[in-house]
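What follows is each chain in one-letter form.
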Amino acid sequence: MDDEDRAWSRLQRNLVIGAAVGAIVGVVVGLIIGAIVFQRPGAIAASAIAGAIGIGGIGAFWGLLSALESPDPGNEPGQAENPIRDVPELTREEQPLRHVSSDPDTRPRDGG
């Protein structure tokens, strides 16, 4: 349960941080674009609000994606301390599918 709590808190934290950073960047970009294009206070404010909503949404999405990133090696959450040894049905020894020989006399020939 502790791993799930950490994962949810990481998702929530990154969502809020991504949305906040995106909204701030969106307001700045909206103000700049609004001042250049519209040159009216109401239009500049609307452009800033639109930038905050649009880029804030993109930032929130990007924050969620960053929360799904794999943790550093050795810090992965898991239910078994050593999954290869503790849960043998999840893994098995690799075996070659067939024996490949480099000897030309033992290789099968085409057509016969």
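Residues numbered from 1 in each chain as written. Predicted model: local features only at pLDDT ≥ 70, side-chain atom pairs only at ≥ 80, totals over all residues. Heavy atoms only, no water.

A. Examining helix H2 (residues 41-67) more closely. The end-to-end C-alpha distance of H2, which contains 27 residues, comes to 38 Å, matching closely the 39 Å that a straight helix rising 1.5 Å per residue would cover. Within the sequence span of H2, burial applies to Ala43, Ile44, Ser47, Ala48, Gly51, Ala52, Gly56, Gly59, Ala60, Gly63 and Ala67. (Helix = DSSP H or I, 4+ residues; strand = E, 2+ residues; numbered from the N terminus. Expected span 1.5 Å × (residues − 1). Buried < 20%, exposed > 50% of the residue type's maximum accessible area, 1.4 Å probe, protein only.)

B. Quick peek at unusual backbone geometry. A positive phi angle is found at Gln39, which is not glycine, with a value near 60°. As for its position among the elements, Gln39 is in the loop between helix H1 (2-37) and H2.

C. Examining the side chain of Ser47 more closely. As for its position among the elements, Ser47 is in helix H2. Ser47 sits in the buried class, given a relative accessible area of 13%. A polar side-chain atom of Ser47 sits 2.9 Å from the main-chain carbonyl oxygen of Gly30. Beyond its immediate chain neighbours, meaning those up to four positions away, Ser47 contacts Gly30, Ile33, Gly34 and Phe38. (Polar contact = N/O pair within 3.5 Å; in protein donor to acceptor, adjacent residues only side chain to side chain. Contact = heavy atoms within 4.5 Å.)

D. How the structure looks around the environment of Gly56. Secondary-structure assignment places Gly56 in helix H2. A residue is classified by how much of its surface remains accessible, and Gly56, at 8% relative accessible area, is buried. With 34 residues separating them in the primary sequence, Gly56 and Gly22 have C-alpha atoms 3.9 Å apart. With residues up to four places along the chain from it excluded, the contact list for Gly56 reads Gly18, Ala19, Gly22, Ala23 and Gly51.

E. Spatial organisation of the side chain of Asn14. Examined against the element boundaries, Asn14 turns out to sit in helix H1. Looking at Asn14, its side chain comes within polar contact range of the side chain of Ser66, at 3.2 Å. Other than its neighbours up to four places away in sequence, Asn14 contacts Gly63, Ser66 and Ala67.

F. Fine view of the confidence of the model for the chain. Taken as a whole, the chain shows an average pLDDT of 79; of its residues, 62% reach a score of 70 or greater. Looking at the elements of the chain, mean pLDDT is at its lowest for helix H3 (residues 83-86), recorded as 57, and at its highest for H2, recorded as 93. (pLDDT = per-residue confidence, 0-100.)

G. Structural context of a nonpolar patch on the surface. Taken together, the side chains of Ile17, Val21, Ile24, Val25, Val28, Val29, Ile32, Ile33, Ile36, Val37 and Phe38 define a hydrophobic patch exposed on the protein surface, amounting to about 990 Å² of accessible area. Considering the arrangement of structural elements, one finds Ile24 in helix H1. In this structure Ile24 comes out as exposed when scored by relative accessible area, which is 56%. (Patch = residues over 30% accessible without salt bridge, like charges linked within 9 Å, V, L, I, M, F, W, Y side chains within 5 Å. Areas by Shrake-Rupley, 256 points an atom, 1.4 Å probe, with all protein chains shown as cover. Salt bridge = Lys/Arg side-chain N within 4 Å of Asp/Glu carboxyl O.)

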